[in-house]
Amino acid sequence: MAKIHTPIPSLKLNDGTSMPMLGYGTGTAWYKKTDTGLDQACIDSIKLAIGLDYTHLDGAEVYKTEPELGIAIKESGVPREKLYVVTKVLNAKEDVEGSLKTSLKKLQLDYVDLYLIHQPFWAKSDEELQSSWAEMEKLKEAGLTKSIGVSNYLQNHLEAVLKTAKVVPACNQIEFHPYLQHPGLLDFHKKHGIATTAYGPLSAATKAKPGPTDDFLAALAKKYAVSEGEISLRWCIDQDVVPITTSGKEQRLSDYLRAATFKLTPAEIKEMNELGQQKHYRGFWGHIFSEDDRS
Ligand SMILES: NC(=O)C1=CN([C@@H]2O[C@H](COP(=O)(O)OP(=O)(O)OC[C@H]3O[C@@H](n4cnc5c(N)ncnc54)[C@H](O)[C@@H]3O)[C@@H](O)[C@H]2O)C=CC1
Ligand SMILES: O=CCc1c[nH]c2ccccc12
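Just so we're clear, the structure is a prediction, and the values are computed from it rather than from any experiment. (Residues numbered from 1 in each chain as written. Chains lettered and ligands numbered in written order. Predicted model: local features only at pLDDT ≥ 70, side-chain atom pairs only at ≥ 80, totals over all residues. Heavy atoms only, no water.)

Colleague: Any details on the overall build of the chain? Residues and values, ideally.
Modeller: The helix and strand inventory of the chain stands at ten helices and ten strands. A compact globule built from 295 residues should have a C-alpha radius of gyration of about 19 Å, and the chain, at 18 Å, falls within 12% of that. For the C-alpha atoms alone, the extent of the chain along its principal axes is close to 50 × 45 × 35 Å. Accessible surface computed for the chain: about 12,700 Å², of which carbon and sulfur atoms make up 52%. For the chain, the centre of its 35 positive side-chain charges and the centre of its 39 negative side-chain charges are spaced 2 Å apart. (Helix = DSSP H or I, 4+ residues; strand = E, 2+ residues; numbered from the N terminus. Rg over C-alpha atoms; globule rule 2.2 N^0.38 Å. Areas by Shrake-Rupley, 256 points an atom, 1.4 Å probe, with all protein chains shown as cover. Lys, Arg positive; Asp, Glu negative; His and termini not counted. Charge placed at Lys NZ, Arg CZ, Asp CG, Glu CD.)

Colleague: An account of the UniProt feature "active site" (unreviewed entry) in the chain is requested, with residue identities and associated values reported.
Modeller: Taking the numbering used here, the UniProt-annotated feature "active site" (unreviewed entry) corresponds to Tyr63. Inspection of the secondary structure assignment puts Tyr63 in the loop between β4 (56-58) and α2 (66-76). Among all residues touching Tyr63, those that are not within four sequence positions of it are Thr26, Gly27, Trp30, Tyr31, Lys32, Asp58, Lys88 and His118. (UniProt positions renumbered as here; feature names shortened; annotations may be inferred. Contact = heavy atoms within 4.5 Å.)

Colleague: Describe in detail the site of ligand 1, supporting the description with residues and values.
Modeller: The full set close to ligand 1 counts 24 residues, and Thr28, Asp58, Gln173, Thr245 and Trp285 are the nearest of them. At 2.9 Å from an oxygen atom of ligand 1 is found a side-chain nitrogen or oxygen belonging to Asn152. In the environment of ligand 1, an oxygen atom lies 2.8 Å from a nitrogen or oxygen atom belonging to the side chain of Trp285. Elements with a contribution of two residues or more to the shell around ligand 1: β10 (241-245) and α9 (250-256). Broken down by class, the residue content of the shell around ligand 1 amounts to eight nonpolar, 13 polar and three charged. (Near = heavy atom within 4 Å. Polar contact = N/O pair within 3.5 Å; in protein donor to acceptor, adjacent residues only side chain to side chain. Nonpolar A, V, L, I, M, F, W, Y, C, P; charged D, E, K, R; others polar.)

Colleague: Hey, could you go over the site of ligand 2 for me, with residue numbers and the actual values?
Modeller: The full set of residues close to ligand 2 is Tyr31, Val62, Tyr63, His118 and Trp285. Separating an oxygen atom of ligand 2 from a side-chain N or O atom of Tyr63 is a distance of 2.6 Å. Relative to its free-state accessible area of 310 Å², ligand 2 is covered by the protein chains to the extent of 78%. Along the lines of polarity and charge, the residues of the shell around ligand 2 split into four nonpolar, one polar and no charged.

Colleague: With reference to specific residues and values, describe the sheet that holds strand β8 (residues 171-175).
Modeller: To summarise the sheet geometry, strands pair through backbone hydrogen bonds and adopt either a parallel or an antiparallel arrangement. If you trace the eight strands once around the closed barrel, you get β3-β4-β5-β6-β7-β8-β9-β10, paired in parallel fashion. Ignoring which end each strand starts from, the neighbouring axes of this sheet average 30° apart. Examined bridge by bridge, β8 and strand β9 (residues 195-199) share five bridges and lie parallel to one another. Bridge pairing in β9 links Gln173 to Thr197. Packed on one face of the sheet, helix α6 (residues 183-192) meets β8, β9 and β10 and runs near 165° to β8. Strands β9 and β10 of the sheet are contacted by helix α8 (residues 228-237), whose axis makes an angle of about 150° with β10. (Pairing = 2+ DSSP bridges. Axes fitted to C-alpha atoms, helices over the stretch in contact; angles between N-to-C directions.)

Colleague: Can you tell me about the packing of helix α5 (residues 155-164) against α6, naming the residues and giving the values?
Modeller: Running from N to C, α5 and α6 point in directions that differ by 20°, and their axes come no closer than 10 Å. Between α5 and α6, the crossing angle belongs to the class labelled roughly parallel. Touching Gln155, Leu158, Glu159 and Leu162 of α5 are Gly184, Leu185, Phe188, His189 and His192, all from α6. The class makeup of the residues in the contact of α5 with α6 is four nonpolar, four polar and one charged. (Parallel < 35°, antiparallel > 145°, perpendicular 65-115°, else oblique.)

Colleague: Mind laying out the environment of Ala208, listing which residues take part and the relevant values?
Modeller: When you line up the elements, Ala208 lands in the loop between β9 and α7 (214-224). Linking Ala208 and Lys74, residues 134 residues apart in sequence, is a C-alpha distance of 36 Å. The contact partners of Ala208, leaving out residues within four places of it in the chain, are Tyr179, Ser203, Lys279 and Tyr281.

Colleague: Give me the lowdown on the packing of helix α4 (residues 126-141) against α5, citing residues and values where you can.
Modeller: Packing of α4 against α5 leaves a shortest axis separation of 9 Å and a crossing angle of 60°. Here α4 is positioned oblique relative to α5, judged by the angle of their axes. Between α4 and α5 the crossing geometry is right-handed. Residues Asp126, Leu129, Gln130 and Trp133 of α4 form the contact with α5, whose own contacting residues are His157, Ala160, Val161, Lys163 and Thr164. Broken down by class, the residue content of the contact of α4 with α5 amounts to four nonpolar, three polar and two charged. (Left-handed = near helix turned anticlockwise from the far one by under 90°.)

Colleague: Requested: an account of the environment of Leu22, with residues and values cited.
Modeller: With respect to the helices, strands and loops of the structure, Leu22 is situated in the loop between β2 (18-20) and β3 (23-25). With a relative accessible area of 3%, Leu22 lands in the buried category. Between the alpha carbons of Leu22 and Ile244 there is a distance of 5.9 Å; along the sequence they are 222 residues apart. Each residue touching Leu22, except ones within four places of it in the same chain, is listed here: Ile8, Tyr54, His56, Leu233, Val242, Pro243, Thr245, Tyr256 and Leu257. (Buried < 20%, exposed > 50% of the residue type's maximum accessible area, 1.4 Å probe, protein only.)

Colleague: Mind laying out the pattern of salt bridges, listing which residues take part and the relevant values?
Modeller: Pairing between side chains becomes possible if they bear opposite charge and their charged atoms approach one another. Tallying each qualifying case throughout the model produces 14 salt bridges. Put simply, Lys32 and Asp35 hold a salt bridge, and the shortest N to O gap is 3.9 Å. The salt bridge involving Glu68 is made with Lys32; its shortest N-O contact spans 2.6 Å. Of the two residues, Glu68 sits in helix α2 while Lys32 sits in the loop between β3 and α1 (40-52), which places them 36 residues apart along the sequence. Given the relative accessible area of 0%, Glu68 is considered buried. Lys32 sits in the buried class, given a relative accessible area of 6%. (Salt bridge = Lys/Arg side-chain N within 4 Å of Asp/Glu carboxyl O.)

And the structure:
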């Protein structure tokens, strides 16, 4: 398949590093409940994504796909430094350094670009959030990761971390789409220089349908001659949010790169946001977040 050569833009993070503004995720479509051995389809899909020019690769220890990610990176032939590799520790109460070292071994890498605490819900107190963050700071200092960040943190979790942090989290990876816009949390991120990365970015165009954005998504897709998925990705990028998507389908992966080829107008973003606010949808962690956690 021919490559689309409009480069994916990068977002400058608060530690001076740059993050490619479209990620390929190895979680939802490839997640293994139990360790069933290497998944060749997952390896092939990651290699395909890298071949298409996806450089931002999102993993996590809990997905059990780090070995596949490591093999795909090796076999892709793309130099390590051209890739942006992310992984996550699920429960930062335990040995965070040991978790990262295990992940690096599985990934066959010396360092990751970004290491995230996957979620804050293991912590029973602010002190636990703060001491786990201090452990993350040591990993950055040791060069095992270029950047450190968090995922699924609410404003109160970030406030606790920031009280004692020497390094401000580089990003917070959250579920983000028109039906889950977190306006308060995004303002807080901006105020503190924390980048937002988005999982579930396609939700309004896929599993959260039908909904109030349906007609507008369709109209924008027609206007820009792209799919509703690409509109959803661009809606993130135009708000400085980095979407992480995934697909086992080559055509979809290739098409998503067209999100780099156009720009929504401020009026279109405003209208999408207003329509999206008429519905609430959360696809992940719903058993843990309360219905009030929409900020
Ligand atoms: N930090 C966290 O707690 C979480 C992180 N993630 C990360 O984000 C990545 C992407 O998350 P997703 O929710 O999968 O992102 P997404 O919203 O981009 O959805 C991608 C899924 O939608 C499906 N899809 C695409 N086009 C479609 C269409 N036209 N009709 C129907 N279905 C379609 C794809 O097959 C794929 O399974 C994960 O792989 C993982 O790396 C995901 C969930 C939670
Ligand atoms: O990262 C979020 C999605 C996900 C996929 N598999 C698991 C297992 C445990 C927590 C979250 C997830």
